[in-house]
There are 2 protein chains.
Amino acid sequence: MKPYAQLTPAERAEEYARLQGEFESLKARGLSLNMARGKPGKRQLDLVSDIFALMQKPEDYVSDGIDVRNYGEMAGLPAARRLFADILGCRPEQVFVGGNSSLQLMYDTICKAYTHGLLHSPRPWREEETIKWLCPAPGYDRHFKVTESFGFQLVVIPMTDDGPDMDAVEEAVKDPAVKGIWCVPKYSNPEGVIYSRETIRRLAALRPAAPDFTVMWDNAYCVHEFEGDYVPFPDILSLCAEAGNPDMVFEFASTSKITLPGAGVSCFACSEANMAHMEQLLIPQVISFDKVNQQRHVLYLKDKAHTLELMKKHAAVMGPKFRSVVDTLDKEIAPLDIASWRRPKGGYFVSFNAMPGTAKRTLALCKEAGVTMTSAGATFPYGKDPRDSNIRIAPSLPPVEELEQAMAVFCVCVKLAALEKLGA
Amino acid sequence: MKPYAQLTPAERAEEYARLQGEFESLKARGLSLNMARGKPGKRQLDLVSDIFALMQKPEDYVSDGIDVRNYGEMAGLPAARRLFADILGCRPEQVFVGGNSSLQLMYDTICKAYTHGLLHSPRPWREEETIKWLCPAPGYDRHFKVTESFGFQLVVIPMTDDGPDMDAVEEAVKDPAVKGIWCVPKYSNPEGVIYSRETIRRLAALRPAAPDFTVMWDNAYCVHEFEGDYVPFPDILSLCAEAGNPDMVFEFASTSKITLPGAGVSCFACSEANMAHMEQLLIPQVISFDKVNQQRHVLYLKDKAHTLELMKKHAAVMGPKFRSVVDTLDKEIAPLDIASWRRPKGGYFVSFNAMPGTAKRTLALCKEAGVTMTSAGATFPYGKDPRDSNIRIAPSLPPVEELEQAMAVFCVCVKLAALEKLGA
């Protein structure tokens, strides 16, 4: 098949008719498939369910002399803090281990800034006339929603192959109303991009006008390679400190996609000055998080090396799914020259750029044929993709055979929408 | 021994000298005992640690067709909602099951009112000039801290044998700046009082000036009898609804003192209209809470009847501790007519009223002798007991033999402080 743009109107009409037939027969199958969210699949859940076999012996209840079954240790079990410090490459004193959700920790950090102010805030953010927030896009919808829910103005920063467009970021932070930025530095959601060393260096060395400008560093996929070896990654806390910005960053991570989604352990990491400030604010809110589950994870994951071994097993499940998606796109869509995508080596998504103006239509067609995808626009602030192009594909949940069916539907819909746009 | 007030100065001096000798010999033992917080003791933790034996079979991972190991079900597992509804006497749709901490759910409710407003709020509370909050006292220090941390003005409401002084509450809520009240309706912290039917009826029937006045109904000890049978308790949600105040109350509970403190499951219960409003506000914050732990608790506790059987086992551990405390007070302090206390049948505390002006001195002496108690004043807003009298005794953590030592110290200190006050 030639690129669609090179087809004659008659050829396009013929192709469109052929695809419509294909679409109708796919629809007739009555599919109900979901590629909407980065949910691990059942095989991955089964892979780690031996974690429940732990905590059977009384000695398992005690960690560093602490009975993990009772109240206390607001900042988390020392052993859990050491585990995350090992994984993230920072120091245990910089780690606060929380509950089952890093999203909640992120929300809470923003909320505390809003209600009480961060360490270097002249006043709580609720008292600011305007708060602007930098959103590298395409990005993670749930990040954007957190800052939107507090009424911040979301500012789109273009994503590049190296991470956020740093020229745009450096320019934006000259505005004292700009209070922070969302970052997913490794296997960014949804682009799958690893921020380059230079991008990270420039981020750490920012000179923002706001004294309490905050980098929300969501290292959600820090050990989440599904292709090839573990990619070492610098410790953002040290880099910020070296650049004279020790308190500018909060890093987040969780085991949601290492052990169990929604039943894992999350953490934030920050300077010790930030930690003291946050602990002060957390005292009225928290007695302690679930240390039993923290201990379960310490016993299960042991350390970074052992965690990376487990991630190889996840990769064995995830890799084929991603290869199936990208191979299908390479085969079905690439020759038509109507879309672009990346071939990520980790993370949970494939970021697909449909022909501008066709993302919504593509997904409406998918839905008609029983395939649910993340809403078009979701990867942009306010759910509005100015080019109506980006689609986040989440291949992790369905088994490979369902994924293949879903991708068959998706490809037909991408083509139909493109042909409609070109005038079929 | 006669009441201290009836002793001659010489007799008091003699008694004081004798007690000083006793105090010195207790001090010489180098004790390190803690009666500060309502932490369950090790025997209670051991009693429930068979909960870890659950979740071993694949069928345990599925509840109502939901794989509890994956994301989803923000409001909690349906089975967990049914369990709490059974315990609290409300309907499952009225229950939101959260994470390990009801305190966090309470904080979050107040925080949401502050940042975004409750269902009937004319505006977010952060925009109100003044917020006043009713604090029945003696009460729970952590409650008071939550509302204090948002800058609310804490208003003391006297506690009576029937619960908060309802004349004072009814008068206070005429002020539209009064936005709510903290309540621990069963075995109140620290008084151990069960609110009377009439108190509860009057609370449910309040006609507050503030349209978003909120009763924070912390039913922390809803099934926590340690003496005698379970005391049935009315469902506050129905009572408020019947009185025309369906959205006025948020109820809270947790299994922290049923299964594991800090590793249990918490919930809030409210009207369905409140639930819809809260879910809307929670969407940016939460994907889901730990449903694995929810499922573990569903399998372990089964239903209210089975939960009450478990509570009998806790009672077998807790009862002797409380009897030891109160019997010691009856024997050592009652004849001296220098203090008063209640004999609770459930909950986690004994509320002790020392001779006015002696609570701080008593606890300073205790500390000198190696016994840590909740700080004097902690049971009042801002940590200030106007009479310097109330002391919260938390007998649950130490084993009985340690408790006896601690109480011996405590009684000597109570006496010394009283004699100093009387002029020894």
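Residues numbered from 1 in each chain as written. Chains lettered and ligands numbered in written order. Predicted model: local features only at pLDDT ≥ 70, side-chain atom pairs only at ≥ 80, totals over all residues. Heavy atoms only, no water.

A.B. asks: Just to check I follow, could you spell out the overall build of chain A for this structure?
C.D. replies: If you tally the helices and strands in chain A, you get 13 helices and 15 strands. On C-alpha atoms alone, chain A measures out to a radius of gyration of 23 Å, which is about the 22 Å that the 2.2 N^0.38 rule sets for 424 residues. Principal axes of the C-alpha set define a box for chain A whose edges measure 75 × 55 × 35 Å. Across the 424 residues in chain A, those meeting the buried criterion constitute 62%. Long-range pairs, those at least 24 residues apart, make up 76% of the contacts in chain A with a sequence separation of at least 6. (Helix = DSSP H or I, 4+ residues; strand = E, 2+ residues; numbered from the N terminus. Rg over C-alpha atoms; globule rule 2.2 N^0.38 Å. Buried < 20%, exposed > 50% of the residue type's maximum accessible area, 1.4 Å probe, protein only. Contact = heavy atoms within 4.5 Å.)

A.B. asks: Please explain helix 7 (residues 197-204) of chain A as it appears in this structure.
C.D. replies: Given 3.6 residues to a turn, an α-helix orients residues that are three or four positions apart in the same direction. All buried positions along helix 7 of chain A are accounted for by Thr199, Ile200, Arg202, Leu203 and Ala204 of chain A. Buried residues along helix 7 of chain A sit against strand 7 (163-164), helix 6 (166-172), strand 8 (178-183), strand 9 (214-218) and helix 8 (236-242) of chain A.

A.B. asks: Before we go on, may I ask you to explain the interface of chain A and chain B in this structure?
C.D. replies: Accessible area lost when the parts come together is the quantity often used to give the size of an interface. The partner chain B presents 52 residues to the 52 residues of chain A that form the contact. Approximately 4,500 Å² of surface area, both sides summed, lies buried where chain A meets chain B, with 52% of it carried by carbon and sulfur atoms. The largest share of the area that chain A buries against chain B comes from Phe52, Arg69 and Tyr71 of chain A, three residues that together contribute 17% of it. In this structure, the salt-bridge partner of Asp46 of chain B is Arg69 of chain A, at a minimum N-O distance of 2.8 Å. Inspection of the region where chain A meets chain B yields 22 residue pairs in polar contact (both at pLDDT 80 or more). Where the side of chain A that touches chain B is concerned, the elements lending two or more residues are helix 2 (42-48), helix 4 (102-115), helix 5 (141-149) and helix 10 (291-301) of chain A. Tallying contributions element by element places helix 4 of chain A first for the side of chain A that touches chain B, with seven residues. Of the residues assigned to the side of chain A that touches chain B, the class counts are 25 nonpolar, 14 polar and 13 charged. (Buried area = accessible area lost by both parts, 1.4 Å probe. Salt bridge = Lys/Arg side-chain N within 4 Å of Asp/Glu carboxyl O. Polar contact = N/O pair within 3.5 Å; in protein donor to acceptor, adjacent residues only side chain to side chain. Nonpolar A, V, L, I, M, F, W, Y, C, P; charged D, E, K, R; others polar.)

A.B. asks: What am I meant to see in the sheet that holds strand 15 (residues 390-393) of chain B here?
C.D. replies: Within a sheet, adjacent strands bond to each other through the backbone by hydrogen bonds, running parallel or antiparallel. All names here are of chain B. Taken in spatial order, the three strands of this open sheet run 12-13-15, and their pairing is antiparallel. One side of each edge strand has no neighbouring strand; the edge strands of this open sheet are strand 12 (340-341) and strand 15. As judged from the four bridges shared by strand 13 (residues 350-353) and strand 15, these two strands associate in the antiparallel manner. Of the residues in strand 15, the one forming a bridge with Ser351 is Arg392. (Pairing = 2+ DSSP bridges.)

A.B. asks: In this structure, what is going on with the relation of the copies chain A and chain B? I would like to understand it.
C.D. replies: The two chain copies are connected by a rotation around an axis plus a translation along it. Once turned by 180° and shifted 0.0 Å along the axis, chain A lies on chain B with an RMSD of 0.0 Å. Viewed as a symmetry operation, the transformation between the two copies matches a two-fold axis. Here 100% of the contact residues of chain A are again contact residues in chain B; the copies associate through an equivalent surface. (Least-squares fit on C-alpha atoms with pLDDT ≥ 70 in both.)

A.B. asks: What should I look at first to understand the sheet that holds strand 5 (residues 132-137) of chain A in this one?
C.D. replies: All names here are of chain A. Spatially, eight strands are ordered 4-11-10-9-8-5-6-7 in an open sheet, and the strand pairing comes out mixed. Looking along the sheet, the strands with just one partner apiece sit at the ends: strand 4 (95-97) and strand 7. Set on the sheet, helix 9 (residues 272-282) makes contact with strand 4, strand 10 (249-254) and strand 11 (266-269); between it and strand 4 the angle comes to about 30°. (Axes fitted to C-alpha atoms, helices over the stretch in contact; angles between N-to-C directions.)

A.B. asks: Explain the packing of helix 3 (residues 78-88) of chain A against helix 10 of chain A to me, please; I cannot follow it from the model alone.
C.D. replies: Any two packed helices are characterised by the angle at which their axes cross and by the distance between the axes. All names here are of chain A. At a closest axis distance of 9 Å, the pairing of helix 3 and helix 10 adopts a crossing angle of 50°. Judged by the angle between their axes, helix 3 and helix 10 are oblique. When you trace helix 3 past helix 10, the crossing you get is left-handed. From helix 3, Ala79, Ala80 and Leu83 reach across to helix 10, where they touch Gln294, His297, Val298 and Leu301. A per-class count over the contact of helix 3 with helix 10 returns five nonpolar, two polar and no charged. (Parallel < 35°, antiparallel > 145°, perpendicular 65-115°, else oblique. Left-handed = near helix turned anticlockwise from the far one by under 90°.)

A.B. asks: How should the packing of aromatic side chains be read in this particular structure?
C.D. replies: Aromatic ring pairs are described here by two measures, namely the spacing of the ring centres and the angle between the planes. Residue and element names in this part refer to chain A. Counted by the stated rule, this structure contains 34 aromatic pairs over all chains. A centroid spacing of 5.8 Å and a plane angle of 85° characterise the contact between Tyr195 and Trp217, whose relative ring orientation is edge-to-face. Highlighted residues: Tyr195 in the loop between strand 8 and helix 7 and Trp217 in strand 9, separated in sequence by 22 residues. Members of the aromatic cluster, each reached through a chain of ring pairs, are Tyr107, Tyr114, Trp125, Trp133, Phe150, Phe152 and Trp182. The aromatic ring of Tyr348 is capped on one face by Lys257, whose charged end is 5.3 Å from the ring centroid. (Phe/Tyr/Trp six-rings, centres within 6.5 Å; stacked < 30°, edge-to-face > 60°. Lys NZ or Arg CZ within 6 Å of the ring centre and 35° of its normal.)

A.B. asks: Help me understand empty space enclosed by the protein in this model?
C.D. replies: Tallied over the full model, the rule gives 10 cavities of 30 Å³ or more. Empty space within the largest cavity amounts to approximately 500 Å³. Together, 40 residues line the largest cavity, and Asn100, Gln104 and Phe289 of chain A together with Gln104 and Phe289 of chain B are the ones closest to its centre. When contributions to the lining of the largest cavity are tallied by element, the ones reaching two or more residues are helix 4, strand 11, helix 9 and helix 10 of chain A together with helix 4 (102-115) and helix 10 (291-301) of chain B. Of all the elements, helix 4 of chain A adds the most residues to the lining of the largest cavity, at six residues. (1 Å grid on protein atoms, 1.4 Å probe; cavity = no way out; pocket = protein on both sides within 12 Å on 5 of 7 lines; lining within 4 Å. Points joined across faces, edges and corners; volume = space filled by probe spheres on them.)

A.B. asks: Where do I start with the confidence of the model for chain A in this structure?
C.D. replies: Note that predicted coordinates carrying low pLDDT should not be read in detail. Confidence in the prediction for chain A averages 97 pLDDT; 100% of positions are at 70 or higher. Predicted as a complex, the structure gets a pTM of 0.97 and an ipTM equal to 0.97. (pLDDT = per-residue confidence, 0-100.)

A.B. asks: Hey, could you run me through the environment of Tyr71 of chain A in this one?
C.D. replies: Structurally, Tyr71 of chain A can be placed in the loop between strand 3 (66-67) and helix 3. Separated by 137 residues in the primary sequence, Tyr71 of chain A and Pro208 of chain A have C-alpha atoms spaced 40 Å apart. One polar contact links Tyr71 of chain A to Lys257 of chain B, side chain to side chain, over a distance of 3.1 Å.

A.B. asks: Which parts of the structure should I look at to understand the pattern of salt bridges?
C.D. replies: Pairing between side chains of opposite charge can happen when their charged atoms approach one another. Summed over all chains, the structure comprises 64 salt bridges over all chains. Between Arg91 of chain B and Glu93 of chain B there is a salt bridge, with its nearest N and O atoms 2.9 Å apart. Exposure remark for Arg91 of chain B: the relative accessible area of 40% places this residue in the partly exposed category. Judged by relative accessible area, which is 35%, Glu93 of chain B ranks as partly exposed. Taking the shortest distance from any N to any O, the salt bridge between Glu420 of chain B and Arg361 of chain B comes out at 2.7 Å. With Glu420 of chain B in helix 13 (residues 400-422) and Arg361 of chain B in helix 12 (residues 359-368), the pair connects residues that are 59 residues apart, well separated along the chain. For Glu420 of chain B, a relative accessible area of 29% translates into the label partly exposed. For Arg361 of chain B, a relative accessible area of 36% translates into the label partly exposed. Here the salt bridges share partners, and the residues they tie into one network are Lys42 and Asp46 of chain A together with Asp67 and Arg69 of chain B.

A.B. asks: Help me understand the nonpolar core, please; the structure alone is not making it clear to me.
C.D. replies: Side chains of a nonpolar character, in soluble globular proteins, are inclined to be buried together. In this structure, Phe213 and Trp217 of chain A together with Phe213 and Trp217 of chain B are the most contacted members of the largest nonpolar core, which totals 122 residues. Contacts of Trp217 of chain A, omitting those with residues within four sequence positions, involve Cys183, Pro185, Tyr195, Ile200, Leu203, Phe233, Ile236, Val249, Phe250, Glu251 and Phe252 of chain A. Within the second largest apolar cluster, 68 residues are counted, among which are Leu103, Ile131 and Phe289 of chain A together with Tyr114 of chain B. (Core = buried A, V, L, I, M, F, W, Y, C linked by side-chain atoms within 4.5 Å.)

A.B. asks: What should I look at first to understand the packing of helix 12 of chain B against helix 13 of chain B in this one?
C.D. replies: All names here are of chain B. Relative to each other, helix 12 and helix 13 sit at 135°, their axes nearing to 8 Å. By the criterion of interaxial angle, the relationship of helix 12 to helix 13 is oblique. Helix-helix and strand crossings are classified by hand; for helix 12 and helix 13 the assignment is right-handed. Within the contact between the two elements, helix 12 uses Arg361, Thr362, Leu363, Leu365 and Cys366 and helix 13 uses Val409, Phe410, Cys413, Val414, Leu416, Ala417 and Glu420. A per-class count over the contact of helix 12 with helix 13 returns nine nonpolar, one polar and two charged.

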